[in-house]
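Given next are the chains, with one letter for each unit.
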Amino acid sequence: MEKIGLNQLREMFLNFYATKHEHYRRASFSLVPNKDKSLLIINSGMAPLKPYFAGLEEPPSKRMTTCQKCIRTDDIENVGFTSRHGTFFEMLGSFSFGDYFKKESLKWGWEFVTEVLKLPEEKLWATIYEDDDDAYDIWVNEIGIDPKKIVRLGKDDNFWEIGTGPCGPCSEIYYDRGVQYGCDNPNCAPGCDCDRYIEFWNHVFTQFSKQEDGSYVELEHKNIDTGMGLERLACIMQEVDSIFDIDTIRFVLNEVCSIANIEYGDGKYDTDVSVRIITDHIRSATFMIGDTIVPSNEGRGYVLRRLIRRSIRHGRKLGVEGYFLSRLVNKVIESSYEAYPELKEQKIFIEKIITQEEERFSKTLQQGLNIIDGYIYDLEKSDSKILDGVKAFKLHDTYGFPFEITKEILEEKGYQVDDEGFAAEMQRQKELGKSDAAKSDEGWKESAIDYLFDYRTTFTGYDKTEDTGIIVSIFASEEELEVANTGDIVNLNLSNTPFYARGGGQLNDFGTISNNNFEAKVLDVRKIKNTYAHKVEILSGTVKKDDNVSLNVDIVNRNNTSRNHTVTHLLHKALRIVLGEHVQQAGSYLDANTMRFDFSHFEAMSSEQLAQVESIVNEKIYEFIPVTCQEMPIDDAKALGAMGLFEDKYGDTVRVVTAGDFSIELCGGIHVSNTGQIGSFKIISESGIAAGVRRIEAVTGRALYDMLNQKENTILEISKKIKAKPALVLNKIDSLLIQIEDMNEELDKFKNLSAKNLENELMTKVVDCDNKKLLTNVFDNISTNELKTIIDNIKSANDRLVIMFITTFEEKSSVIIALTDDLVKEGLHSGKMIKEIATILEGKGGGKSDLAQAGATNLANIDLAINKIKELIK
């Protein structure tokens, strides 16, 4: 078996689904959840996709594939002590939002592991949910896996559900590591607790919705959510027993050993544990800071602080003095930047944050360790095994010792900490600090290389799209440069610039920077403090510090983006007119092609309201209202009635953008000079993205023209298919619908006649049973819905009748029990009877007093079931 590196495995997976099976390939989401208050940090591949699965947002494609960076600290105490636990991991995933289902998911998964990875089939096993015959059939008959290598497991192992709502069975793929990893159980198989079989890919089939009463209802639109741990897959492909031995992680681990001047795996258990803890935690810390998380005493910032400080402490255990963690950052980035380019872009920022945290903790580390030694001495004298929670809190609050580190140190010495006492002290502090906490500003608001730029760039882009300037400095990801050459990607800081930096929801300008010696393409522009950093690719030549340059904004892109920005102001005002003054902007995104506007509102907009808003906006466009921008004191702006948007922070002087007397807002973006330049405005969608927050997506100008062309092409294609001229498409469709309706009426007549004949035939099978009548029958290829219609008809014409029907439809068997109303009044209950019948037929179900239904997996017991129903009647 070919040994494949982790980075190559990631690319193979994403390319397989994106190229061969037409999945939309998306870069990893940030570790910081977007508007998901249920999560502190992203901890699974599907977590960022919850709005798509829940139907709150429209996915970019019904098929998606990602490699998601994840953090889990639930079992941090095991990290370093086992071969498989880690706080940071990557999750490969393929997803379907109402598109394909089980067959494709399993077949493509099998194709990837056997044909792309070339894992030997004899080493592969599958588990399925115990009642999932569909998955079993696909594995055996569609894929061709040996039935002996399919293991049915129960709900705890192979059924995904969290409370009520969407849920479903899952199927997992296992790899057999060999008998040498097994146990003495002759029936050892996937599901066994030994180390022989390793689960590496889970396919979740979201096909049900769990109801409040515990029953399951089939979802109309079924979803697929698969997850495969990249590190675990790498262990298999590289034939190693530990995640710390796969190439990318071992690359970091070796640097830890080099810094500590030790050998890994030389039999010193405690040393190896510390090496593994540092290796894992520096990976997590690097990725977290790369996503703008910074150390703090609350939330995800506290998680980061714990990881960094635990690493520092284990560095001291290895004899490492001074600041060493920041030296490991480069190894993490070097091993992962191709998949996560933001790491390279944020390198200086990451190193600085970690160094600052090392500096802070190092000042109190030894003092805290001395205090803990004193506490341990006191415990020994008092013959106690538990450290007081108040003392543990003092270490946390005064000396910056995360509670978990204190606990870990004491456990190494054979002692425990009073968890409840510590929690009580924490709660008391929170209550005292509530007012201050409300004022705190969590999260890092500035860019990774913030402290590098002190120069004040003059922005000329409000009035110009062409300008000249001087290159003040050149930065690569690691250092300041004097020159940059063809092919280099660098940051240019200029004396002045017409390029708008991304901000306020508006994407940055694009264009070129050049002189006689070089030409560069502008990829990104960001404002860092007072400096505009231009990320560029040098297309040709050499650029030098202090060069005089020409600056040329892409005017078409600027115009398209300006249209979309100005129209958000018109839209905002129109929404307040139609929906009410409670509407406030809650976010936006706009570039040359699209505009997205989030706003506060408590319910979905009606089609009439959307049409009204759209009409108001277009009316203001067609009026050709002048758009003016001027700076003024903020108090003057407030006096004019200017609106400030979604908690933006403003200085004493603000920029006010007005569209006549229709709209007035505080805004630093680029706008058209007249609303008529927008052209036209069309709403594409309106949806909910969070509780009390709605989103409108719309197009203007060129994007609207492109959309109309696309729709016209669609109409032409439809006209070809139904053989009608485009102008007569609707007439032809109406005619076809009438034909379909007529055919359905004829079909219904035939069905009703067939059902009536069937009902008459069934009544010949009624038998007497204890002064009651009993009708039983076994059907094939009749759905439960059809049977329920037949049952209703039979019940309406009979009394004192018990009905038990068993049917198999689409390879799934079910049993239905029904009672006429008079028997229900006498105390018989279909729901209670079905439970006993279901037990005999090895299924599960329930229902009401007059009608109940259950699954059935063992039809060999039908005679026993019939005897049982007779017994229950008596």
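Residues numbered from 1 in each chain as written. Predicted model: local features only at pLDDT ≥ 70, side-chain atom pairs only at ≥ 80, totals over all residues. Heavy atoms only, no water.

Quick look at the packing of aromatic side chains now. On inspection of all chains with the given rule, the structure shows 25 aromatic pairs. With a centroid separation of 5.0 Å and 50 degrees between ring planes, the pair formed by Phe-13 and Tyr-17 is classed as tilted. In this pair, Phe-13 and Tyr-17 both sit in helix H1 (residues 6-20), 4 residues apart, roughly one turn of the helix. Judged by centre distance (5.3 Å) and plane angle (70 degrees), the rings of Trp-125 and Tyr-197 are edge-to-face. Taken together, the positions of Trp-125 in strand E4 (residues 124-129) and Tyr-197 in strand E8 (residues 197-210) put the pair 72 residues apart, joining distant regions of the chain. Each member of the pair, Trp-125 as well as Tyr-197, carries the same accessibility label: buried. Taken together, the ring pairs in this structure connect Phe-13, Phe-16, Tyr-17, Phe-112 and Trp-201 into an aromatic cluster. One residue, Arg-152, lies across the ring of Tyr-136, its end atom 4.9 Å from the ring centre. A cation over an aromatic ring shows up here: Lys-573 above the ring of Phe-662, its NZ or CZ 5.1 Å from the ring centre. (Phe/Tyr/Trp six-rings, centres within 6.5 Å; stacked < 30°, edge-to-face > 60°. Helix = DSSP H or I, 4+ residues; strand = E, 2+ residues; numbered from the N terminus. Buried < 20%, exposed > 50% of the residue type's maximum accessible area, 1.4 Å probe, protein only. Lys NZ or Arg CZ within 6 Å of the ring centre and 35° of its normal.)

Whether parallel or antiparallel, the strands of a sheet pair through hydrogen bonds between backbone atoms. Read across the sheet, 6 strands follow the order E29-E30-E31-E32-E34-E33 without closing on themselves; strand pairing throughout is mixed. The open sheet is flanked by strand E29 (767-769) and strand E33 (845-847), the only strands paired with a single partner. Direction aside, the axes of adjacent strands within the sheet are offset by 20 degrees on average. Across the sheet, helix H22 (residues 784-796) is in contact with strand E30 (772-780), strand E31 (801-809), strand E32 (812-819) and strand E34 (851-856); its angle to E31 comes to roughly 160 degrees. (Pairing = 2+ DSSP bridges. Axes fitted to C-alpha atoms, helices over the stretch in contact; angles between N-to-C directions. Contact = heavy atoms within 4.5 Å.)

With that settled, the discussion passes to the sheet that holds strand E26 (residues 663-666). Spatially, the 3 strands line up as an open sheet ordered E24-E25-E26, and their pairing is antiparallel. The open sheet has two edge strands, strand E24 (627-633) and E26, and neither has a second partner. Ignoring which end each strand starts from, the neighbouring axes of this sheet average 25 degrees apart. Examined bridge by bridge, strand E25 (residues 653-659) and E26 share 4 bridges and lie antiparallel to one another. Paired with Ala-659 across the strands is Ser-663, a residue of E26.

Attention now moves to a negative patch on the surface. Judged by side-chain charge, Glu-741, Asp-742, Glu-745 and Asp-748 come together as a negatively charged surface patch. Mapped onto the elements of the fold, Asp-748 is located in helix H21 (residues 729-763). (Patch = residues over 30% accessible without salt bridge, like charges linked within 9 Å, V, L, I, M, F, W, Y side chains within 5 Å. Areas by Shrake-Rupley, 256 points an atom, 1.4 Å probe, with all protein chains shown as cover. Salt bridge = Lys/Arg side-chain N within 4 Å of Asp/Glu carboxyl O. Lys, Arg positive; Asp, Glu negative; His and termini not counted. Charge placed at Lys NZ, Arg CZ, Asp CG, Glu CD.)

In this section: the pairing of E32. Counting buried residues along E32, 7 of its 8 residues qualify, which places the element largely inside the surrounding structure. One ladder, built from 8 bridges, connects E31 with E32; its direction is antiparallel. Paired with Val-802 across the two strands is Leu-819, which belongs to E32. The hairpin turn running from E31 into E32, its antiparallel successor, is 2 residues long, and Glu-810 in that turn takes a positive phi close to 50 degrees. With 6 bridges joining them, E32 and E34 adopt antiparallel strand pairing. Looking across to E34, one finds that Val-815 is bridged to Ala-854.

Counted at 1.5 Å a residue, the expected span for helix H18 (residues 607-622) with its 16 residues is 22 Å, and the 22 Å between its end C-alpha atoms agrees. Looking at the residues trailing H18, positive phi occurs at Phe-624, about 50 degrees. (Expected span 1.5 Å × (residues − 1).)

This brings us to helix H24 (residues 830-840). Buried residues of H24: Ser-830, Gly-831, Met-833, Ile-834, Ile-837, Ala-838 and Ile-840, and no others. Taken end-on, H24 shows its buried residues confined to a sector of 160 degrees, consistent with a single buried face. Exposed side chains of H24 directed beyond 90 degrees from the buried face belong to Lys-832 and Thr-839. Looking at the packing, one finds that the buried side of H24 touches E31, E32, E33, E34 and helix H25 (862-873). Directly after H24, the chain includes Glu-842, whose backbone phi takes a positive value near 60 degrees. (Arc of directions from axis to C-beta.)

Turning our attention to the pattern of salt bridges. For the coordinates displayed, the defined rule picks out 45 salt bridges. Between Asp-195 and Arg-84 there is a salt bridge, and its shortest N-O distance comes to 3.9 Å. Taken as a pair, Asp-195 in the loop between strand E7 (165-176) and E8 and Arg-84 in the loop between strand E2 (63-71) and strand E3 (88-97) lie far apart in primary sequence, 111 residues in all. You can call Asp-195 partly exposed: its relative accessible area is 41%. Residue class for Arg-84 comes out partly exposed when judged on its relative accessible area of 34%. Between Lys-317 and Glu-412 there is a salt bridge, with its nearest N and O atoms 3.2 Å apart. Taken together, the residues span a long stretch of sequence, with Lys-317 in helix H9 (residues 299-317) and Glu-412 in helix H14 (residues 403-412) at a distance of 95 residues. Judged by its relative accessible area of 41%, Lys-317 is partly exposed. Using a relative accessible area of 39% as the deciding quantity, one classes Glu-412 as partly exposed. Connected through salt bridges with shared partners, the residues Arg-310, Arg-313, Lys-317, Glu-408 and Glu-412 form a single ionic network.

Now for the state of the cysteines. Per the counting criterion, the structure on display carries 0 disulfides. Here Cys-70 is not disulfide-linked; the sulfur of Cys-67 is the nearest cysteine sulfur, at 8.3 Å. For Cys-70, a relative accessible area of 0% puts it in the buried group. For the unlinked cysteine Cys-257, the closest cysteine sulfur is that of Cys-235, found at 17 Å. Overall, Cys-257 belongs to the buried group, its relative accessible area being 7%. (Disulfide = S-S within 2.5 Å.)

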